[in-house]
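Listed here are the chains, written in short residue letters.
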There are 2 protein chains.
Amino acid sequence: MAIRVLIADDHSVVREGLRRFLGRDPELTVVGEASDGAEAVELARQLHPDVVLMDLLMPVMDGIAATAAIRKELLETEVVALTSVLESTAVIGAVRAGAIGYLLKDIQASELRRAIKAAAAGQVQLTPQASAYLMREVRTPEAIEALTEREREVLRLLVQGHSNKEIGRDLQIAEDTVKTHVKHIMAKLGVQSRTQAVLYAMRFGLVSTQQGKQPK
Amino acid sequence: MAIRVLIADDHSVVREGLRRFLGRDPELTVVGEASDGAEAVELARQLHPDVVLMDLLMPVMDGIAATAAIRKELLETEVVALTSVLESTAVIGAVRAGAIGYLLKDIQASELRRAIKAAAAGQVQLTPQASAYLMREVRTPEAIEALTEREREVLRLLVQGHSNKEIGRDLQIAEDTVKTHVKHIMAKLGVQSRTQAVLYAMRFGLVSTQQGKQPK
DNA sequence: CAGCACATCGCCCAGGCGGGTGAACGGGGC
DNA sequence: GCCCCGTTCACCCGCCTGGGCGATGTGCTG
């Protein structure tokens, strides 16, 4: 019994390419093609495909909205986002909408076929970078809580743009100790520089996003 | 030697009140009164007062223009804006024109006397809110506009937590060039580290406050 | 009590960063 | 034409940062 695939992409060239990619595999059958999100939802409703290959950037209804609509109605249908853009917001949006996979269009044909079969079986299929985004999103709040009280305190001062030396003075501890705290903070947040740690703190509001002092 | 004060206000009531306020202090002498800006300039030219208490809203010539004229001619004469309105444009205009102080008319008599003496000694006298306006409205936009297009571009990448090397790769220029831009940015913003530059950019929204990429 | 987490401090080292200076090039204004 | 500005690049120097490793004391917990 072949896996029934619905293709949703606004570029006919891409649809054609995908059909050729998948057509060679007897285990896969392309049962329909949609050129926008709304059409994808409509066709999915009629055809009950096993897997929908969903482009994210489409007219009328974007792929994420379409994914959410399909997943809400058709519990057996898995959606795999297949796009050319790799952005954290897109990845997270697609996953929240219920996509089981997030793949890039530069994928190899054989790899794509394998991924579709895996997705049909309910296995998650993510481009490595996509999983990194996901992990970050998930890990973020935990990363906050992983910080000790003292580390949060140091982070608060980092967010005010202070140097290690200044922080040491503020907290009445040695600069070396501050460095230790900063190292731990960066390790826990998974960042590579104090600036990134500050951005991290501000984005996720780990630290009271007070105005802080003007940089002197 | 008493401090010689010139009062410039178009309301006789205010002039009278000020004269009474100041008359009690032996260290202060009201040497003249003007009822509009032009008259204030004329009297200042004749009397060479130490301090001019300048209302901003006056007929014929407003207080800001009068302040500019006086400061241009009489280097020894300090001008203190004394007004009932607190607006950023008025504060900035007065300061640009050369006022050393910006006070509100609801000030206490004793406080006003103290402020006049301080102004005569060259000390800045600003209502707290006035200095806030100065910071926000004057310093910030000028700092922003002082940046060149390329520097703003670099700052945008700084805000994303990139290192100099990464920025160089992104912009296809040498790391040394990036360093030059970063130096200029920090100098113009008046900050001491890249982190502070980033905070500056975020606070004042110099840069599109996009989410930026996750630090890899 | 032994173990663990936390905070503290130290040292080493490499690489990044910040400051100074200089120089070349092109474009625009005087 | 000349000069200023923006952009590019380079070199030097010294401090700061980030990573690794170790050590001590304290307080909580099993």
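Scroll up to find the structure this text is about.
Scope of this entry: the structure provided in the associated data block. Along each chain, the written sequence defines residue order, and numbers are assigned to residues from 1. Numbering of ligands from 1 and lettering of chains from A proceed in the order in which they are written. Only residues with pLDDT of at least 70 are given local features in this predicted model, and only at 80 or more are side-chain atom pairs given and counted; all residues enter the totals for whole chains, interfaces and linings. For side-chain calculations, the full set of non-hydrogen atoms in the structure is used, while hydrogens and water are omitted.

Throughout this document, a residue counts as near a molecule or strand when at least one of its heavy atoms sits within 4 Å of that molecule or strand. Taken together, 18 residues lie near DNA strand C, and A:Thr148, A:Arg150, A:Ala174, B:Lys183 and B:Arg194 sit nearest. Considering the 4 Å shell around the protein, atoms of DNA strand C inside it are sugar or phosphate in 62% of instances. Definition of a polar contact: a pair of N or O atoms within 3.5 Å, with one able to donate and the other able to accept a hydrogen when the atoms are protein atoms, and with sequence-neighbouring residues admitted only if both atoms are side-chain atoms. Between A:Arg150 and DNA strand C, the recorded distance is 2.7 Å, taken from a side-chain N or O atom to a phosphate oxygen. At 3.3 Å, a side-chain N or O of B:Asn164 approaches a phosphate oxygen of DNA strand C. Looking at the surface near DNA strand C, the elements that each hand over two or more residues are helix 7 (149–158) and helix 9 (175–189) of chain A together with helix 8 (164–171) and helix 9 (175–189) of chain B. In the surface near DNA strand C, the residues fall into four nonpolar, seven polar and seven charged. Helix numbering and strand numbering both begin at the N terminus, where a helix is a DSSP run of H or I of at least 4 residues and a strand a DSSP run of E of at least 2. Residue polarity follows a fixed list, in which Ala, Val, Leu, Ile, Met, Phe, Trp, Tyr, Cys and Pro are nonpolar, Asp, Glu, Lys and Arg are charged, and the others, Gly among them, are polar.

With respect to spatial proximity, 18 residues lie near DNA strand D, and among them A:Lys183, A:Arg194, B:Thr148, B:Arg150 and B:Ala174 are the closest. Counting only the atoms of DNA strand D within 4 Å of the protein, the fraction contributed by sugar and phosphate is 60%. Taking A:Lys179, its side chain carries an N or O atom lying 2.9 Å from a base oxygen of DNA strand D. Taken together, the residues that form the surface near DNA strand D break down as four nonpolar, seven polar and seven charged.

Glancing now at the packing of helix 7 (residues 149–158) of chain B against helix 8 of chain B. All names here are of chain B. It is the contact of helix 7 with helix 8, at a shortest axis distance of 10 Å, that shows an interaxial angle of 125 degrees. In this view, helix 7 runs oblique relative to helix 8, as classed from their interaxial angle. Crossing angle aside, the handedness with which helix 7 passes helix 8 is right-handed. Each of Arg-150, Glu-153, Val-154, Leu-157 and Leu-158 in helix 7 lies in contact with helix 8, whose residues at this interface are Ile-167, Asp-170 and Leu-171. Looking at the contact of helix 7 with helix 8 residue by residue, the class counts come to five nonpolar, no polar and three charged. Here an axis means a line fitted to C-alpha atoms, over the contact stretch when the element is a helix, while the angle between two N-to-C directions is reported on a 0 to 180 degree scale. Oblique is the label for any angle not under 35 degrees, not over 145, and not in the 65 to 115 range, which are roughly parallel, roughly antiparallel and roughly perpendicular in turn. Take the far helix as your reference; a near helix turned counterclockwise from it by less than a right angle gives a left-handed crossing, and one turned clockwise gives a right-handed crossing. The criterion used for residue contact is that any of the two residues' heavy atoms lie within 4.5 Å.

Residue and element names in this part refer to chain A. The salt bridge definition used is simple: a Lys or Arg side-chain nitrogen within 4 Å of an Asp or Glu carboxyl oxygen. A complete count under the given rule lists 32 salt bridges over all chains for this structure. Of the charged contacts in the structure, one is a salt bridge between Arg-114 and Glu-111, with a shortest N-O distance of 2.9 Å. Placement of both Arg-114 and Glu-111 in helix 5 (residues 109–120) is noted, with a separation of three residues, approximately one turn of the helix. The class for Glu-111 is partly exposed, based on a relative accessible area of 34%. Overlapping salt bridges bring together Arg-15, Glu-16, Arg-19, Arg-20 and Glu-33 as one network. Think of it in three bands: with a 1.4 Å probe and only protein chains considered, a residue is buried below 20% of the maximum accessible area for its type, exposed above 50%, and partly exposed in between.

Residues and elements named next belong to chain B. The span you would expect from a helix comes to 1.5 Å times its residue count less one. Over its twelve residues, helix 1 (residues 12–23) extends 16 Å from the first C-alpha to the last, a length consistent with the 16 Å expected when each residue adds 1.5 Å. Within the span of helix 1, buried status applies to Arg-15, Leu-18 and Leu-22. Along helix 1, the residues classed as buried sweep out an arc of 65 degrees about the axis, all on the same side. Turned more than 90 degrees off the buried face of helix 1, the exposed positions are Val-13, Arg-20 and Gly-23. Lining the buried residues of helix 1 we find strand 1 (3–8), strand 2 (28–34), strand 3 (51–54), strand 4 (78–83) and helix 5 (109–120). This arc describes the spread of directions from the helix axis toward the C-beta atoms.

The next point concerns the packing of helix 2 (residues 37–47) of chain A against helix 3 (residues 63–73) of chain A. Residue and element names in this part refer to chain A. One can describe the packing of helix 2 onto helix 3 by two numbers: an axis separation of 9 Å at closest approach and a directional angle of 15 degrees. Between helix 2 and helix 3, the interaxial angle falls into the category roughly parallel. Relative to helix 3, the crossing made by helix 2 is right-handed. Residues Gly-37, Ala-40, Val-41, Ala-44 and Arg-45 of helix 2 lie in contact with helix 3, whose contacting residues are Ala-66, Ala-69, Ile-70 and Glu-73. The class makeup of the residues in the contact of helix 2 with helix 3 is six nonpolar, one polar and two charged.

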